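Coordinates in review
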Amino acid sequence: MLELIDLSYVVTTEENGNGAGRRKIIDGISYNFEQGRFYAITGPNGSGKTTLAKLVMGINPVTSGTIRFEGRDITSLPITERARAGIAYSFQHPARFKGITFRDLLAMAAGTEVEEQLLALLRRVGICSLSFMDKAVDAQLSGGEIKKIELATTIARNPKLAIYDEPDTGIDLWTIKPMVRLLKREQQERGTTTIVVSHNRAFLEAADVILMINNGHIVYEGDLAGAKPLLTDLSACTYRRCLLEDQDVGCYR
Amino acid sequence: MLDAIDRELLKTVADLEELPKGAYNIRKNGRLLVRNVSANIDIESLEDNKGIVVTIKPKTVNESVHIPVILSQAGLYDTVFNRFVIGDEADVTIIAGCGIHCGGLDPEGHAGIHEFHVGKGAKVRYVEKHYAAGPGRGKRILNPATKVFLAEGAQAEMELTQIGGVDEAERTNEAVLGPKSLLVVTERVLTEGTQRAVSRNVLTLSGPGSRANMVSRSVIKGDSVQNFYATLEALAPCRGHIECDAIIMDRGKNETLPSLKALHPDAELTHEASIGKIASDQLTKLMSLGLTYEEAVNRIIQGFLR
Ligand SMILES: Nc1ncnc2c1ncn2[C@@H]1O[C@H](COP(=O)(O)OP(=O)(O)OP(=O)(O)O)[C@@H](O)[C@H]1O
Ligand SMILES: [Mg+2]
């Protein structure tokens, strides 16, 4: 249902003041996501997962290649049109507003302000506290709260394709399992094609297919068992190489 | 008594479809149009009809006063001095507003000078909207001023809004806060075209335990200019915060200067200020919910000025 054909995203970078350089963030990715399946995308920090998701939503402009959604070329469609075609995206770092509440976002996402329907949505996404609805989506929300709101607005779209970018960051231990169950239920009951970008084992286990991305390439496609050797391999320190000329600032891994 | 233009202005600035319940005083083109007093709220004219004194008895609760001003006479510049004396432990809402309808070439303007004396433990909510409309090309000018004096434990919440159509506005807000008093000022201003608006605020925290919060939200469209100045001056152990955000659209210009003066070592004063375009992550979020770019801009501005 979502077809990526030789997709690339290139940015120009300033390289030590030697004029503009070019960096391929997404490097010729081709892949066919099938209707109704559950995909987990994983890979090291900075490998291009968010960039890929934003290419699909239309937030990043495609440098070259083609994106087809349900057989239609959407490569140059604006974000609004893609949203209306049935694609929804949960941001890794959700926007914060002044004077806009969760209720407002939910109503925009669902296209209704009818209280009953909004309450039904809350039940569907498992938010039990009603007072939450009138919270401002501003800088005061906690990291976990804003991710729950982000996820709820994505589900409220009733999308054909839902992309969740690290929905579990900041989410407490007690909520991760229910969150995985929720996304599985959406997939199974509504046939939502689901892509979750995550490093979390719970999501990797729930997925029908795991895709691993490194340096803007898909380096693995398959089940979790097959991914294990690569998971350990990619966890080797990749920082040393780029820091050789620099003084050793230490390794994070 | 009220014609169609009056009704439209009253609806916009004071949310009034009919004459309100309770006490009110409606001023039109520099003269009293209609007034009503209540058992607890008295309204008296100053000499020469230069303004009014509204006296609210101590312990008056759940009552409101409407004092809108409407202007529809070209060439008129109406200055009015209003004084509000709010008795101890009262809890009331005052709804003011000025609507200008300009049909001609001559400028029209209004300067409302409002003084509030809020008694011990009293609470007041003051809501003021400014709006101008009409087909005329005359300049619409509004220069409001408020002075607030808070006695011990008094609380005042001031909501000051300039909705649109005002060509020139110069606002000053001053307040002196007594012990344990609380002042919250929220100012929202939208300018467009070649409009100009200036807001000057000086809040003096003179009593121990006093608190002040000044919030300013500006939207600057077209070639308009808005400047915002706010000073918190602390003379006692107290807390104060200024939050001022300006969204610039098109070619608007803005100068924002929050300033803090601590003249007491136990004063806690903070400010945050920002000027910029609408954040692109906000736009992309709303567009990803199916809104067009224009719809997204409108929703963000609407929320910001709410
Ligand atoms: N517009 C841009 N200009 C320059 N560099 C960019 C741009 N967008 C992304 N990048 C770079 O591309 C790389 C991939 O970023 P991306 O956000 O896609 O990584 P990610 O796989 O989602 O990482 P994480 O796991 O940390 O979320 C990063 O090094 C990032 O700095
Ligand atoms: Mg990412």
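Here's a quick rundown of the structure. (Residues numbered from 1 in each chain as written. Chains lettered and ligands numbered in written order. Predicted model: local features only at pLDDT ≥ 70, side-chain atom pairs only at ≥ 80, totals over all residues. Heavy atoms only, no water.)

Comments concerning the side chain of A:S90
Residue and element names in this part refer to chain A.
- Among the structural elements, S90 can be located in strand 6 (residues 87-90).
- The class of S90 is buried, set by a relative accessible area of 3%.
- Polar contacts involving the side chain of S90 include one to the side chain of T154, which spans 2.7 Å. (Helix = DSSP H or I, 4+ residues; strand = E, 2+ residues; numbered from the N terminus. Buried < 20%, exposed > 50% of the residue type's maximum accessible area, 1.4 Å probe, protein only. Polar contact = N/O pair within 3.5 Å; in protein donor to acceptor, adjacent residues only side chain to side chain.)

What about the environment of A:E34?
Residue and element names in this part refer to chain A.
- Tracing the chain through its elements places E34 in the loop between strand 2 (20-33) and strand 3 (38-42).
- Sequence separation of E34 and L2 is 32 residues, and the distance between their C-alpha atoms is 6.9 Å.
- Setting aside anything within four residues of it in sequence, one finds E34 in contact with M1, Y39 and T193. (Contact = heavy atoms within 4.5 Å.)

Examining the packing of helix 5 (residues 143-156) of chain A against helix 6 (residues 173-190) of chain A
Residue and element names in this part refer to chain A.
- Where helix 5 contacts helix 6, the two axes come as close as 12 Å, and the packing angle between them is 10 degrees. Comparing their axes, helix 6 and helix 5 come out roughly parallel. Contacts between helix 5 and helix 6 pair K148, L151 and I155 from the former with T175, M179, L182, L183 and E186 from the latter.
- In terms of residue class, the contact of helix 5 with helix 6 is made up of 5 nonpolar, 1 polar and 2 charged. (Axes fitted to C-alpha atoms, helices over the stretch in contact; angles between N-to-C directions. Parallel < 35°, antiparallel > 145°, perpendicular 65-115°, else oblique. Nonpolar A, V, L, I, M, F, W, Y, C, P; charged D, E, K, R; others polar.)

Let's talk about the sheet that holds strand 9 (residues 209-214) of chain A
Residue and element names in this part refer to chain A.
- The strand order 6-7-8-3-9-10 describes an open sheet built from 6 strands, whose pairing is mixed. Two strands close off the open sheet at either side, each with one partner strand: strand 6 and strand 10 (217-222). Direction aside, the axes of adjacent strands within the sheet are offset by 15 degrees on average.
- Where strand 3 meets strand 9, 4 bridges bridge the pair, whose relative direction is parallel. Its bridge partner being in strand 9, Y39 is matched across the sheet by V209.
- Running at roughly 175 degrees to strand 6, helix 5 makes contact with strand 6 and strand 7 (161-165) of the sheet. (Pairing = 2+ DSSP bridges.)

Describing the sheet that holds strand 5 (residues 61-71) of chain B
All names here are of chain B.
- Pairing is mixed across the open sheet formed by 10 strands, whose spatial order is 2-1-5-7-9-12-14-16-18-20. The sheet is open, and its two edges are formed by strand 2 (31-36) and strand 20 (267-276), each paired on a single side. Averaged over all adjacent pairs, the angle separating strand axes in this sheet is 5 degrees, with direction ignored.
- Summarising the sheet, strand 9 (residues 123-133) and strand 12 (residues 155-164) pair through 9 bridges and their orientation is parallel. Directly across from Y126, in strand 12, lies its bridge partner M158.

Here's the deal with unusual backbone geometry
Residue and element names in this part refer to chain B.
- Phi at K59 is positive, roughly 65 degrees, even though this residue is not glycine.
- Along the chain, the position of K59 falls in the loop between strand 4 (51-56) and strand 5.
- Relative accessible area serves as the criterion here: at 57%, K59 is assigned to the exposed category.
- Of note in this structure, N62 is not a glycine but carries a positive phi near 55 degrees.
- With respect to the element layout, N62 can be found in strand 5.

Here we look at the coordination of the magnesium ion (ligand 2)
Residue and element names in this part refer to chain A.
- Listed as protein donors to the magnesium ion (ligand 2) are T50 (OG1) and Q92 (OE1); their distances from the metal cover 1.9 to 2.1 Å. Of the two residues, T50 is situated in helix 1 (residues 49-57) and Q92 in the loop between strand 6 and helix 3 (102-110); the sequence distance between them amounts to 42 residues.
- Owing to a relative accessible area of 23%, T50 belongs among the partly exposed residues under this scheme. (Donors = N, O, S within 2.8 Å, 3.2 Å for Na, K, Ca; no water.)

Digging into the site of ligand 1
Residue and element names in this part refer to chain A.
- Taken together, 15 residues surround ligand 1, and among them N45, G46, K49, T50 and T51 come closest.
- Contacts to ligand 1 include S47, whose backbone N or O atom sits 3.2 Å from an oxygen atom.
- The separation between an oxygen atom of ligand 1 and a polar side-chain atom of Q92 is 3.0 Å.
- Contact with the protein chains hides 65% of the accessible area of ligand 1, taken as 640 Å² for the molecule alone.
- Secondary structure elements with two or more residues in the shell around ligand 1: strand 1 (2-14), strand 2 and helix 1. (Near = heavy atom within 4 Å. Areas by Shrake-Rupley, 256 points an atom, 1.4 Å probe, with all protein chains shown as cover.)

Observations concerning the pairing of strand 4 of chain B
Residue and element names in this part refer to chain B.
- The buried count for strand 4 comes to 5 of 6 residues, which makes it a mostly enclosed element.
- Relative to strand 4, strand 3 (residues 41-45) runs antiparallel, the two being bridged by 5 bridges. Along strand 4, the bridge assignment pairs D42 with T55.
- Turn length for the strand 3-strand 4 hairpin, with the two strands adjacent in sequence and antiparallel, is 5 residues, and the turn residue D48 shows positive phi of about 60 degrees.

Quick word on the packing of aromatic side chains
- In this structure the tally under the stated criterion is 8 aromatic pairs over all chains.
- Here B:F84 and B:F116 contribute two aromatic rings whose centre-to-centre distance is 4.7 Å and whose plane-to-plane angle is 10 degrees, an arrangement assigned as stacked. Of this pair, B:F84 sits in strand 6 (residues 77-86) while B:F116 is found in strand 8 (residues 108-118), placing the two residues 32 residues apart along the sequence.
- Classification of B:F116 as buried rests on a relative accessible area of 1%.
- Through successive ring pairs, a cluster of aromatic residues spans A:Y31, A:F33 and A:Y39. (Phe/Tyr/Trp six-rings, centres within 6.5 Å; stacked < 30°, edge-to-face > 60°.)

Keep in mind these values describe shape, not function.
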